[in-house]
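Inside the fold
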Number of protein chains: 2
Amino acid sequence: MSDFVLHGNIIYSKNKDEFNIVENGYAVCKNGISEGVFDTLPEEYKNLEVIDCQDKIIIPGFTDLHVHAPQYGFRSVGMDCELLEWLERHAFPEEAKFADVEYADRAYSLFVNDMKTGFTTRACMFGTLHTDSTIVLMDKLEKSGLKTMVGKVNMNRNSPDYLREDTDKSLADTERFVQLSKRFENTKPIITPRFIPSCTDELMYGLSEIMHKYDLPVQSHLSENPSEIEWVKELCPWSTSYGNAYDRFGMMNDKTIMAHCVHMTEEEMALMKNNGVFAAHCPESNMNIASGISPVSRMLEEGIKVGIGSDVAGGTTLALNRAMTLAVQCSKMYWRYIDKKYKPLTLENVFYMATVGGGEFFGKAGSFEKGCEFDALVLDDTNIKTTVDFDTKERLERIIYLGNKHNIASKYVCGRKIF
Amino acid sequence: MSDFVLHGNIIYSKNKDEFNIVENGYAVCKNGISEGVFDTLPEEYKNLEVIDCQDKIIIPGFTDLHVHAPQYGFRSVGMDCELLEWLERHAFPEEAKFADVEYADRAYSLFVNDMKTGFTTRACMFGTLHTDSTIVLMDKLEKSGLKTMVGKVNMNRNSPDYLREDTDKSLADTERFVQLSKRFENTKPIITPRFIPSCTDELMYGLSEIMHKYDLPVQSHLSENPSEIEWVKELCPWSTSYGNAYDRFGMMNDKTIMAHCVHMTEEEMALMKNNGVFAAHCPESNMNIASGISPVSRMLEEGIKVGIGSDVAGGTTLALNRAMTLAVQCSKMYWRYIDKKYKPLTLENVFYMATVGGGEFFGKAGSFEKGCEFDALVLDDTNIKTTVDFDTKERLERIIYLGNKHNIASKYVCGRKIF
């Protein structure tokens with residue numbers, strides 16, 4: 001890790017509703033940690049290399065809080081299928097291919113390369129149930145320089161024979177996975193029951209034990225779709241809600257990510273808030289699979305932790321700026337049709353979610369506040385041509401709505417230059 | 001115009017629900033008109049030049065049925081504003097700049113260049129109220145090779161002084177505009193009252209006269225937003241609905257485009273259908289401005305003519321594939337939250353809307369059926385990398401969801417090669 005200063009137009013979140021914007025400012029990185037942002041460079045940093053980003057915009061990196069790495073190959077295909085048809089025709093057959101480590105190697109190379117060259121600096125992702133292929137994924141991620149958490153998926157019921165585990169083997173493989181992943185520095189294991197319909201109570205309790213034994217985080221899906229929620233009621237008649245079922249398994253805490261959270265009961269909202277559970281908001285997937293619109297504005301207002309997820313391949317793209325745009329757009333439809341009590345999301349809100357909101361799952365990240373791990377994107381908007389003059393916030397808005405990886409001039413994770 | 005054959009994987013609409021897919025097929029163009037698509041090249045065309053598109057996909061071009069050319073410069077800025085704030089802070093001040101023909105020249109150059117290099121082969125667009133600047137726009141479009149209809153906008157009430165016309169001048173300028181535009185071959189005038197809140201009854205009746213005198217088409221906005229609809233009720237107390245008001249002015253016929261059509265009464269739906277009025281569905285704008293979700297599935301099912309509009313700058317991008325994707329996604333939210341009676345839109349539906357649906361406003365266009373004007377896009381998907389094998393329809397779906405102008409290898413309008 002090197003010490004340096006980025007000089008340019010710096011934007012990061014002051015809080016969920018406001019930006020800090022420092023034009024021609026200095027973002028100082030020492031030992032991979034932010035020293036803060038300054039109007040003029042303080043004397044104590046005068047010996048550091050200053051990287052002149054000129055008129056470019058400098059922001060913290062984005063965290064993709066929910067993505068299925070093995071589904072990347074068929075992203076944006078089968079979008080007219082209903083959920084079950086989509087799983088059976090596309091998701092399950094493709095995930096089954098990852099039994100072949102050589103196939104995993106080829107497929108994960110494309111995935112990791114695209115994530116590396118995009119807006120994402122950190123991510124929490126699902127692999128498949130195959131331990132060795134998931135280690136292949138982690139190996140590539142480690143080399144990419146990104147900070148990630150990766151789960152070997154557990155699933156022992158309600159999937160085809162060719163993609164279902166025996167309970168004992170699922171638990172033993174999970175322990176093996178945790179052991180194998182100890183060699184990585186920036187790529188950490190995360191316990192990953194696919195979702196309750198895929199996992200028996202016995203498996204869930206077993207995973208919970210491993211989780212507590214190794215002090216690991218956990219990720220899964222919560223209240224995505226009305227029929228899924230009904231199904232969980234049948235499968236867990238002893239629970240008062242889908243979220244309550246996870247809680248009984250010991251999996252609803254401040255090291256938990258629950259993806260989607262679309263159709264939430266009051267009990268589930270309170271549980272998320274009181275236990276500090278992270279919600280991964282995946283607006284594109286929620287539209288594509290016709291799940292619905294998550295009450296994100298309310299979650300944010302109530303202080304529930306919320307990040308953004310691409311949810312590839314329920315979502316079609318790793319480009320988190322697209323997910324941020326769709327989050328704003330969907331929140332407007334939520335306001336129009338479901339509940340006028342909560343205002344639509346703003347650019348400030350979704351930027352906060354994509355940076356601080358998801359970054360907090362990794363500790364101190366997603367901001368240039370002093371003490372945060374230093375992730376940065378240097379953005380160049382010159383190819384989004386116009387005859388209009390914009391201020392710095394407007395330039396950021398244009399990149400979020402219209403930009404793609406070609407607008408990223410350089411990228412840093414924990415103070416290391418990725419490109 | 002030249003005679004030639006495109007050889008490759010050809011997709012076009014059989015009807016609103018089905019594709020014609022001819023792999024390794026031949027699309028024949030003579031004098032700018034399609035002779036049809038063939039599995040093997042018929043003897044009578046053997047003397048024509050065959051352009052080998054190899055494994056690429058060949059589709060008809062897309063029609064953008066609703067777009068505001070002068071708003072292109074501030075696309076994707078101010079997306080957190082409410083409609084009135086957005087008009088006052090962004091749309092009106094920017095449109096006012098087009099009083100300066102030199103500014104119009106610079107701004108319209110960017111707009112036309114981006115449209116020329118994108119998926120759009122035909123478009124119906126709004127200029128500003130300034131006649132000379134709108135002619136500048138038409139001149140550039142004519143040179144681009146695209147087929148378009150362009151309106152000098154009329155507005156004589158409810159806008160700032162700096163962007164409001166006197167009724168007589170508005171009508172006189174419209175006649176002058178029609179005369180000046182006679183010199184163009186592929187760029188035609190279309191009568192363009194901004195919308196009823198911007199135009200007095202007197203102006204509307206005057207425009208209707210000019211429309212009928214020169215046998216011109218007409219475009220405007222209909223039932224976009226609940227408060228706009230209430231406003232029209234106050235402004236036209238003699239009407240039974242917003243649509244009925246346009247009808248009384250003589251502007252609801254089969255040469256009419258009504259943009260948005262989000263909050264439609266039964267009377268308005270019947271009027272659209274019975275009079276053969278075209279609806280321009282603008283899903284992105286309807287989200288961005290928090291208008292709502294148009295009942296497009298129902299319109300299609302009932303036989304109402306529907307095309308797709310980017311509605312820049314209510315929409316942020318000219319890329320109609322993005323609008324098509326959002327149309328599918330929004331229709332799923334319509335199904336989930338508003339009415340389960342109509343199924344979500346499919347890829348076939350939105351492809352039909354973007355090709356045939358909008359193309360029909362120009363006569364016979366948007367298809368490779370014999371007799372249609374020959375517009376084509378040759379699409380290259382090799383940069384959307386994957387380890388999965390896809391069939392031709394799936395490859396098209398990937399380009400619609402993930403592609404951009406860089407996936408267009410070449411483009412033809414009326415048999416002329418644009419690039």
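Residues numbered from 1 in each chain as written. Chains lettered and ligands numbered in written order. Predicted model: local features only at pLDDT ≥ 70, side-chain atom pairs only at ≥ 80, totals over all residues. Heavy atoms only, no water.

So, on to the packing of aromatic side chains. Applying the stated criterion to the full structure yields 32 aromatic pairs over all chains. Ring centres of A:Phe19 and A:Phe351 lie 5.1 Å apart, and the angle between their planes is 80 degrees; on these two criteria the pair is classed as edge-to-face. Placement of the pair is A:Phe19 in strand β2 (residues 18-30) and A:Phe351 in helix α12 (residues 347-359), with a sequence separation of 332 residues. Like A:Phe19, the residue A:Phe351 is buried in the burial classification. In this arrangement the basic side chain of A:Arg75 is found over the ring face of A:Tyr72, its NZ or CZ atom lying 3.8 Å from the centre. Seen from the ring of B:Trp335, B:Lys340 lies directly overhead, with NZ or CZ sitting 5.0 Å from the centre. (Phe/Tyr/Trp six-rings, centres within 6.5 Å; stacked < 30°, edge-to-face > 60°. Helix = DSSP H or I, 4+ residues; strand = E, 2+ residues; numbered from the N terminus. Buried < 20%, exposed > 50% of the residue type's maximum accessible area, 1.4 Å probe, protein only. Lys NZ or Arg CZ within 6 Å of the ring centre and 35° of its normal.)

Bringing the relation of the copies chain B and chain A into the picture now. When chain B is brought onto chain A, the operation consists of a screw motion whose angular component is 180 degrees and whose axial shift is 0.0 Å, with 0.0 Å RMSD remaining. Between the two chains, the operation in question is that of a two-fold axis. Every residue of chain B has its C-alpha some distance from the rotation axis, and the shortest such distance is that of B:Tyr337, at 3.8 Å. Take the interface residues of chain B: 100% of them recur as interface residues in chain A, which is what a same-surface contact looks like. (Least-squares fit on C-alpha atoms with pLDDT ≥ 70 in both. Contact = heavy atoms within 4.5 Å.)

Low-pLDDT portions of the prediction should not be read for the details of their coordinates. Taken residue by residue, chain A gives an average pLDDT of 97. The fraction at 70 or more is 100%. Confidence estimates for the predicted assembly give a pTM of 0.98 and an ipTM of 0.97. (pLDDT = per-residue confidence, 0-100.)

This next bit is on the sheet that holds strand β17 (residues 416-417) of chain B. All names here are of chain B. Ordered by their spatial adjacency, seven strands build an open sheet running β3-β2-β1-β4-β15-β16-β17, and the pairing between neighbours is mixed. Taken across any chain shown, the strands that pair with only one partner, and hence form the sheet edges, are β3 (33-38) and β17. The sheet contact formed by strand β16 (residues 408-413) and β17 spans two bridges and is antiparallel. Its bridge partner lying in β17, tyrosine 412 is registered against lysine 417. Sheet strands touched by helix α12 (residues 347-359): β1 (4-15), β2 (18-30) and β4 (49-59). Its angle to β1, the strand with the most contacts, is close to 115 degrees. Running over the sheet, helix α13 (residues 392-402) touches β1, β2, β4 and β15 (376-379) and is turned about 75 degrees from β4. (Pairing = 2+ DSSP bridges. Axes fitted to C-alpha atoms, helices over the stretch in contact; angles between N-to-C directions.)

Each partner contributes residues to the interface: chain B has 56 residues there, and chain A has 56 residues. Of the roughly 4600 Å² buried at the junction of chain B and chain A (both faces included), carbon and sulfur atoms supply 56%. Along the contact surface separating chain B from chain A lie zero salt bridges. Viewed at the interface, chain A and chain B are joined by 26 residue pairs in polar contact (both at pLDDT 80 or more). Mapped onto the side of chain B that touches chain A, the elements with two or more residues apiece are α1 (83-96), α2 (101-116), α9 (283-288), α11 (320-337), α12 and α13 of chain B. Looking at which element gives the most residues to the side of chain B that touches chain A, the answer is α11(B), with ten residues. For the side of chain B that touches chain A, the class distribution of residues is 25 nonpolar, 16 polar and 15 charged. (Buried area = accessible area lost by both parts, 1.4 Å probe. Salt bridge = Lys/Arg side-chain N within 4 Å of Asp/Glu carboxyl O. Polar contact = N/O pair within 3.5 Å; in protein donor to acceptor, adjacent residues only side chain to side chain. Nonpolar A, V, L, I, M, F, W, Y, C, P; charged D, E, K, R; others polar.)

Residues and elements named next belong to chain A. Within the open sheet, the seven strands sit side by side as β3-β2-β1-β4-β15-β16-β17. Their pairing is mixed. One side of each edge strand has no neighbouring strand; the edge strands of this open sheet are β3 (33-38) and β17 (416-417). Where strand β15 (residues 376-379) lies against strand β16 (residues 408-413), four bridges are found, and the strand directions are antiparallel. Its bridge partner being in β16, alanine 376 is matched across the sheet by tyrosine 412. On top of the sheet, α12 reaches β1 (4-15), β2 and β4 (49-59); it is set at about 115 degrees to β1, its chief contact. Along the sheet, helix α13 (residues 392-402) contacts β1, β2, β4 and β15; its crossing angle with β4, the most-contacted strand, is approximately 75 degrees.

Residue and element names in this part refer to chain A. Within the secondary structure layout, aspartate 254 lies in the loop between α7 (242-248) and β12 (256-260). Remark: the alpha-carbon pair of aspartate 254 and serine 34, spanning 220 residues in sequence, is separated by 24 Å. Setting aside its immediate chain neighbours within four residues, aspartate 254 contacts Asn275, Gly276, Phe278, Lys305 and Phe361.

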